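Here are the chains, one letter per residue:
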Amino acid sequence: MDRLDRKILNLMQRDAGRTNVDMAEEVGLSPSSCLRRVQRLRKTGVIERIVAILNPAKTGRTIKAMVTVELKLHGEQHMRRFLDIAVAEEAVSHAYAVTGATDVVLILRLHDMEEFDALCDRLFRDQHNVARFFTMIVIRTTKDETAIRLSESEH
């Protein structure tokens, strides 16, 4: 990846909806060269997917919660079983197996506390392998960034 690739990726992370012509002009390439670079970055897996980022308030999912989960039984099989159940939940936007005192971290986007209570029944209270879970409700977001910032200088 060279400086131009990193510049293209930074631009796309800010707004992937911009036209190829706009992006090529800003990067200093011809549109065909810019398009070839984007296609190569997709083919090589640097760009995994292009998505739309929604405004949670406009979708009705205004409550954001983080839940840490401690499992009773450890090992890949037990972790995988719990994560498979968790990722099937519509409200779960992120699911991480982690190191340390907790086993799993979930990030939830919820409509209301009733949805959270029902999710708790399904994921935590009815699961025989959940030792305990701790919930943090986000009261203010200071930074919510999806971009991986890339230095545009040569390394």
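Just so it is clear, the structure is predicted and the values come from calculations on it, not from any experiment.

Draft legend 1. Layout of the packing of helix α1 (residues 3–14) against helix α2 (residues 20–27). At their nearest, the axes of α1 and α2 sit 10 Å apart, and the two run at 135° to each other. It follows that α1 is oblique to α2 by the angle criterion. Taken as a pair, α1 and α2 cross one another with a handedness that is right-handed. Across the interface between the two elements, Leu4, Lys7, Ile8, Leu11, Met12 and Arg14 from α1 touch Met23, Glu26 and Val27 from α2. Looking at side-chain class alone, the contact of α1 with α2 contains 6 nonpolar, no polar and 3 charged residues.

Draft legend 2. Examining the pattern of salt bridges more closely. For the coordinates displayed, the defined rule picks out 15 salt bridges. The shortest N-O distance in the salt bridge between aspartate 2 and arginine 37 comes to 2.9 Å. Taken together, the positions of aspartate 2 in the segment before α1 and arginine 37 in helix α3 (residues 31–43) put the pair 35 residues apart, joining distant regions of the chain. Classification of aspartate 2 as partly exposed rests on a relative accessible area of 26%. Where glutamate 70 meets arginine 132, a salt bridge forms, and the shortest distance between an N and an O atom there is 2.9 Å. Residue glutamate 70 is located in strand β1 (residues 63–71), and its partner arginine 132 is located in strand β4 (residues 130–137); the two are separated by 62 residues in the primary sequence. For glutamate 70, a relative accessible area of 18% corresponds to the buried category. Taking relative accessible area as the criterion, arginine 132 reaches 43% and is therefore assigned partly exposed. If you follow the salt bridges from partner to partner, you end up with Asp2, Asp5, Arg37 and Arg40 in one network.

Draft legend 3. Spatial organisation of the packing of aromatic side chains. On inspection of all chains with the given rule, the structure shows 1 aromatic pair. The interplanar angle of 25° and the centroid separation of 4.3 Å between the aromatic rings of phenylalanine 124 and phenylalanine 133 together place this pair among those described as stacked. For phenylalanine 124, a relative accessible area of 4% corresponds to the buried category.

Draft legend 4. Main features of helix α5 (residues 76–87). For α5, built from 12 residues, the straight-helix expectation of 16 Å at 1.5 Å per residue is met to within 8% by its first-to-last C-alpha distance of 16 Å. All buried positions along α5 are accounted for by His78, Met79, Phe82, Leu83 and Ala86. End-on view of α5: buried residues confined to an arc of 125°, all on one side of the axis. Within α5, the exposed residues directed more than 90 degrees away from the buried face are Glu76 and Gln77. The inward-facing, buried residues of α5 contact β1, β2 (92–97), β3 (104–110), α6 (113–125) and β4.

Draft legend 5. Structural view of the pairing of β1. Counted residue by residue, β1 has 8 buried out of 9 residues, so it is predominantly covered. Inspection of the sheet shows β1 paired to β3 by 7 bridges, in the antiparallel sense. Bridged to alanine 65 within β3 is leucine 108. Here 7 bridges tie β1 to β4, and the two strands are oriented antiparallel to one another. By the bridge assignment for β4, leucine 71 is matched with valine 130.

Draft legend 6. Main features of the nonpolar core. Core analysis: the largest hydrophobic core is formed by 21 residues, its most contacted members being Val69, Phe82, Leu106, Leu108 and Phe124. When contributions to this core are tallied by element, the ones reaching two or more residues are β1, α5, β3 and α6. Residues in contact with leucine 106, not counting those within four places in the same chain, are Ala65, Met66, Val67, Val69, Phe82, Ala86, Val92, His94, Ala95, Leu123 and Phe124. Counting residues in hydrophobic clusters, the runner-up holds 13 residues, among them Ile8, Leu11, Ala24 and Cys34.

The rules behind each value
- Residues numbered from 1 in each chain as written.
- Predicted model: local features only at pLDDT ≥ 70, side-chain atom pairs only at ≥ 80, totals over all residues.
- Heavy atoms only, no water.
- Axes fitted to C-alpha atoms, helices over the stretch in contact; angles between N-to-C directions.
- Helix = DSSP H or I, 4+ residues; strand = E, 2+ residues; numbered from the N terminus.
- Parallel < 35°, antiparallel > 145°, perpendicular 65-115°, else oblique.
- Left-handed = near helix turned anticlockwise from the far one by under 90°.
- Contact = heavy atoms within 4.5 Å.
- Nonpolar A, V, L, I, M, F, W, Y, C, P; charged D, E, K, R; others polar.
- Salt bridge = Lys/Arg side-chain N within 4 Å of Asp/Glu carboxyl O.
- Buried < 20%, exposed > 50% of the residue type's maximum accessible area, 1.4 Å probe, protein only.
- Phe/Tyr/Trp six-rings, centres within 6.5 Å; stacked < 30°, edge-to-face > 60°.
- Expected span 1.5 Å × (residues − 1).
- Arc of directions from axis to C-beta.
- Pairing = 2+ DSSP bridges.
- Core = buried A, V, L, I, M, F, W, Y, C linked by side-chain atoms within 4.5 Å.

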